[in-house]
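# An overview of the molecular structure
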There are 2 protein chains.
Amino acid sequence: MARVLSGREAGAALNEKNREKVERLKAEGISPCLAIVRVGCEPGDLAYERNAEKRCEKAGVLVQKKIFPREAETKELLSMMEELNQDPSVHGVLLLRPLPDELDEEQIRNALDPKKDVDAMTDLSMSGVFSGRKIGFPPCTAVAVMELLDYYGIDPAGKHAVVIGRSLVFGRPAAMLLLQKNATVSILHSRSRNIRDLTCQADLLLCAAGRAGMVTGEMIREGAVVIDVGINEDAEGNLCGDVVYEDALLKAEAVTPVPGGVGAVTTAVLVSHVIEAAARLCRM
Amino acid sequence: MARVLSGREAGAALNEKNREKVERLKAEGISPCLAIVRVGCEPGDLAYERNAEKRCEKAGVLVQKKIFPREAETKELLSMMEELNQDPSVHGVLLLRPLPDELDEEQIRNALDPKKDVDAMTDLSMSGVFSGRKIGFPPCTAVAVMELLDYYGIDPAGKHAVVIGRSLVFGRPAAMLLLQKNATVSILHSRSRNIRDLTCQADLLLCAAGRAGMVTGEMIREGAVVIDVGINEDAEGNLCGDVVYEDALLKAEAVTPVPGGVGAVTTAVLVSHVIEAAARLCRM
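Here the residue index of a chain counts from 1 through its sequence in written order. Written order determines the labels here, with chains lettered from A and ligands numbered from 1. Since the coordinates come from a predicted model, pLDDT governs what is reported: local features require at least 70, and pairs of side-chain atoms require 80 or more to be given and counted, while whole-chain, interface and lining totals use all residues.

### Focus on the packing of helix α2 (residues 43-59) of chain A against helix α10 (residues 263-282) of chain A
All names here are of chain A. Angles here are taken between N-to-C directions and fall from 0 to 180 degrees, while the axes themselves are lines fitted to C-alpha atoms, restricted in helices to the stretch in contact. Each helix corresponds to a stretch of at least 4 residues labelled H or I by DSSP, and each strand to a stretch of at least 2 residues labelled E; elements are numbered beginning at the N terminus. Taken N-terminus to C-terminus, the directions of α2 and α10 make an angle of 60°; their axes are 9 Å apart at the nearest point. As judged from the angle between their axes, α2 and α10 are oblique. When the axes of α2 and α10 are compared, the crossing they make is right-handed. Contacts between α2 and α10 involve N51, A52, R55, C56 and A59 from the first element and T267, A268, L270 and V271 from the second. Each residue gets one of three labels, nonpolar for Ala, Val, Leu, Ile, Met, Phe, Trp, Tyr, Cys and Pro, charged for Asp, Glu, Lys and Arg, and polar for the others, Gly among them. Classifying every residue of the contact of α2 with α10 by side-chain character gives 6 nonpolar, 2 polar and 1 charged. Working definition: roughly parallel below 35 degrees, roughly antiparallel above 145 degrees, roughly perpendicular at 65 to 115 degrees, and oblique for all remaining angles. Left-handed describes a crossing whose near helix is turned anticlockwise from the far helix by less than a right angle; the clockwise case is right-handed. Contacts here follow a simple rule: the backbone-placed C-beta atoms of the two residues must lie within 7 Å.

### So, the interface of chain B and chain A
Taken together, the 24 residues of chain B in the interface contact 24 residues of chain A. For the side of chain B that touches chain A, the elements supplying multiple residues, two or more each, are α5 (123-131), α7 (171-180) and β6 (184-188) of chain B. No other element matches the 6 residues that α5(B) contributes to the side of chain B that touches chain A. Tallied by class, the residues present in the side of chain B that touches chain A amount to 11 nonpolar, 7 polar and 6 charged. At least two DSSP bridges between two strands are needed for those strands to be called paired. As paired elements, strand β6 (residues 184-188) of chain A and β6(B) share 3 bridges and run antiparallel to each other. Of the residues in β6(B), the one forming a bridge with A:I187 is B:V185.

### Brief notes about the sheet that holds strand β11 (residues 254-255) of chain B
In space, the 12 strands of this open sheet follow the order β1(A)-β11(A)-β8(A)-β7(A)-β5(A)-β6(A)-β6(B)-β5(B)-β7(B)-β8(B)-β11(B)-β1(B), with mixed pairing throughout. Two strands in the sheet have a free side with no partner beyond their single neighbour: β1 (3-4) of chain A together with β1 (3-4) of chain B. Packing against the sheet, α7(B) makes contact with β6 of chain A together with β5 (160-164), β6 and β7 (204-207) of chain B, and its axis sits at approximately 170° to β6(B).

### Things to note about the environment of A:R109
All names here are of chain A. Here R109 shows up in helix α4 (residues 105-110). For the pair R109 and M121, spaced 12 residues apart in sequence, the C-alpha separation works out to 5.9 Å. Apart from the residues lying within four places of it in its own chain, the contact partners of R109 are L95, M121 and T122.

### What to know about the relation of the copies chain B and chain A
Superposition of chain B onto chain A requires a rotation of 180° combined with a translation of 0.0 Å along the rotation axis, giving an RMSD of 0.0 Å. The transformation just described matches what one would write down for a two-fold rotation axis. Of the interface residues in chain B, 100% have counterparts in chain A that sit at the interface too, so the contact is made through matching surfaces. The copies were overlaid by least squares, fitting only the C-alpha atoms of residues that reach a pLDDT of 70 or more in each copy.

### Description of the packing of helix α6 (residues 140-151) of chain B against helix α10 (residues 263-282) of chain B
Residue and element names in this part refer to chain B. The N-to-C vectors of α6 and α10 enclose an angle of 105°; their axes lie 8 Å apart at closest approach. Between α6 and α10, the crossing angle belongs to the class labelled roughly perpendicular. Residues C140, T141, V143, A144, E147 and L148 of α6 form the contact with α10, whose own contacting residues are V265, T266, V269 and L270. Taken together, the residues that form the contact of α6 with α10 break down as 7 nonpolar, 2 polar and 1 charged.

### Concerning the domain arrangement of chain A
Where each domain begins and ends is defined by an automated method or by a domain database. Segmentation of chain A into domains returns domain 1 (29-113) and domain 2 (140-263). Of note, the centres of domain 1 of chain A and domain 2 of chain A, computed from C-alpha atoms alone, are 30 Å apart.

### As for the sheet that holds strand β2 (residues 33-39) of chain B
Whenever strands of a sheet pair, they do so through backbone hydrogen bonds, lying parallel or antiparallel. Residues and elements named next belong to chain B. The strand order across the open sheet formed by 3 strands is β3-β2-β4, and the pairing between neighbours is parallel. Each having just a single partner strand, β3 (62-68) and β4 (92-95) make up the two edges of the open sheet. The average undirected angle you get between the axes of adjacent strands in this sheet is 20°. Where β2 lies against β3, 7 bridges are found, and the strand directions are parallel.

### Brief notes about unusual backbone geometry
One can expect most non-glycine residues to show negative phi and most peptide bonds to be in trans. Residues and elements named next belong to chain A. Omega for the bond connecting R97 with P98 falls within 30 degrees of zero, at 0°, which places this linkage in the cis form. One non-glycine residue, A120, lies in positive phi territory at about 55°. With respect to the element layout, A120 can be found in the loop between α4 and α5 (123-131). Not every positive phi belongs to a glycine, and N194 is a case in point at roughly 50°. Considering the arrangement of structural elements, one finds N194 in the loop between β6 and α8 (195-199).

### Digging into the pairing of β6(A)
Residue and element names in this part refer to chain A. Buried residues dominate β6, accounting for 5 of its 5 residues. Residues T184, S186 and L188 of β6 are buried on one face, and the alternating residues V185 and I187, pointing to the opposite face, are buried as well. The path from the first strand over the helix to the second decides the hand: if it runs clockwise while the strands point away from the viewer, the crossover is right-handed. Handedness of the crossover joining strand β5 (residues 160-164) and β6 through helix α7 (residues 171-180) is recorded here as right-handed. For every residue, the other C-beta atoms within 10 Å of its own C-beta are counted; 20 or more classify it as buried, 12 or fewer as exposed, and values in between as partly exposed. C-beta atoms are placed from the backbone.

### Looking at the environment of A:L14
Tracing the backbone through its elements, the reader meets A:L14 in helix α1 (residues 7-27). Among residues more than four places away in sequence, those in contact with A:L14 are A:E147, A:V265, A:A268 and A:S272.

### Observations concerning helix α3 (residues 74-86) of chain B
All names here are of chain B. Here α3 is 13 residues long and its end C-alpha atoms lie 19 Å apart, about the 18 Å a rise of 1.5 Å per residue gives. Within α3, the full set of buried residues consists of L77, M80, M81 and L84. Viewed end-on, α3 has its buried residues packed into an arc of 100°, placing them on one side of the element. Those residues of α3 that are exposed and angled more than 90 degrees off the buried face are K75, S79, E83 and Q86. Packing partners of the buried residues in α3 comprise β2, β3, β4 and α4 (105-110). A helix is expected to span 1.5 Å multiplied by its residue count minus one. Here the arc refers to the directions that run from the helix axis out to each C-beta atom.

### Side note on helix α2 (residues 43-59) of chain B
Residues and elements named next belong to chain B. With 17 residues, α2 ought to run about 24 Å at 1.5 Å a step, and its terminal C-alpha atoms sit 25 Å apart, in line with that. Taken together, the buried positions of α2 are occupied by A52, R55, C56 and A59. Buried residues of α2 fall within an arc of 100° about the axis and therefore sit on the same side. Facing away from the buried side of α2, by more than 90 degrees, are the exposed residues P43, A47, R50, K54 and E57. Lining the buried residues of α2 we find α1 (7-27), β2, β3, β4 and α10. G60, located one to two residues past α2, shows a positive phi value of around 85°.

Below, the structure written as structure tokens:
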């Protein structure tokens, strides 16, 4: 039976680290603060906001909320970004997206100073992920996977990591972070042929296809570490990942559940980015 | 025997296309112009400059040279970048690098407007390569490989492309361009184990390890397309690639020689970027 890599446990450990770091920063007179910018009242945005707020609160990170009506205009959002860039009491900014179609999302997200870009929404942060240069922060979910591996003492160096999915929000950034840790990396996607040939060679298999039940037992190498990043609903409407969990339990050396896997680390990573941003900005 | 993919031939075809495009732009009153910025007189810089100048001239692209003494200061280079950004008669800028250690290369290269960044020196251009967003241009050598494949009718879609080397100047950008063309992509590097396991599965094998003789026959899959990006010297001091050419001729379906392969396309790509930049900037 595979080890279960608990995101709840890894997330709790990171939350505890975050709390300690905030205490140390406060002793230096620095109070890390996240500004959340929301347009309208989409249920998905509200849920993410509540979750981020709760996690920040538990770590001692302040939260400012900037809420705009659904009808807000691009120029209002741009002024807000400028205001937040200039505000020395704000260290990280989370803009809930996607924005309504009427807004110029590209212009708005790039108006943010990358130093405060804790969720990789600016083009410059993405450049940092690609080049390994310290610009902004990588997307939280990709970092959450690295945290989870680190928590369980799994070093990607020299391993063959196979990433299913090439999205800019997970697949490509995760591939870059794994490369930086000296993994050999293969990237598969919807247009790949013979997917199984490569997945069966994976020491580390990261699944972010967004399709329930896509990864079955015969796609998993005996003894692999399987990280399930999918968030789907099964036929009964229950939350599930991309991996047939029972198959992974039998074949893999270790596997993350859904829920309670990578998703349970992501918000802790967001908070850690705010803390790191505060430390970088205030200690400069 | 493998087909020889001639960079000279592919480069000549691109040069001809460039010439035609410049003619069309001139008919619209647009004269594409590349500014070359050089500090000092390094022989490598001079050779690259001469080559770029010659290629531009043949295509009808103007060249402006901005030459600084070895002792130039960062602020002088920054003013020059600003001047070139503002100058509507300049469409592309090539800064010969590396700069002398005394200069703040990071600041200088990022001072350039990505719209004029024809050789991917700014962080924003790198972001564009990673995200596929149209910001700046990808590194010329990575694009040269795509041009070469295109010229010989080799479509990466669905193929397994294996890239040896993870540099920011070639390996990672090439991986991203291949992904955009729907290849399945694996990235190998100096810390990878069992390199041969993966190279032997490659439909497309791109070698940019920078080590003469590194890729031997037993690393090549029967019928693969082998692209040699290495530029090395052999024991006799002759220019050679990473691939044992005779081995590749026997095993591969197609192979690029060194010299006369990818390198022979790179400058034509630089010129095509200047032309494209001129078209984008002047037709806006």
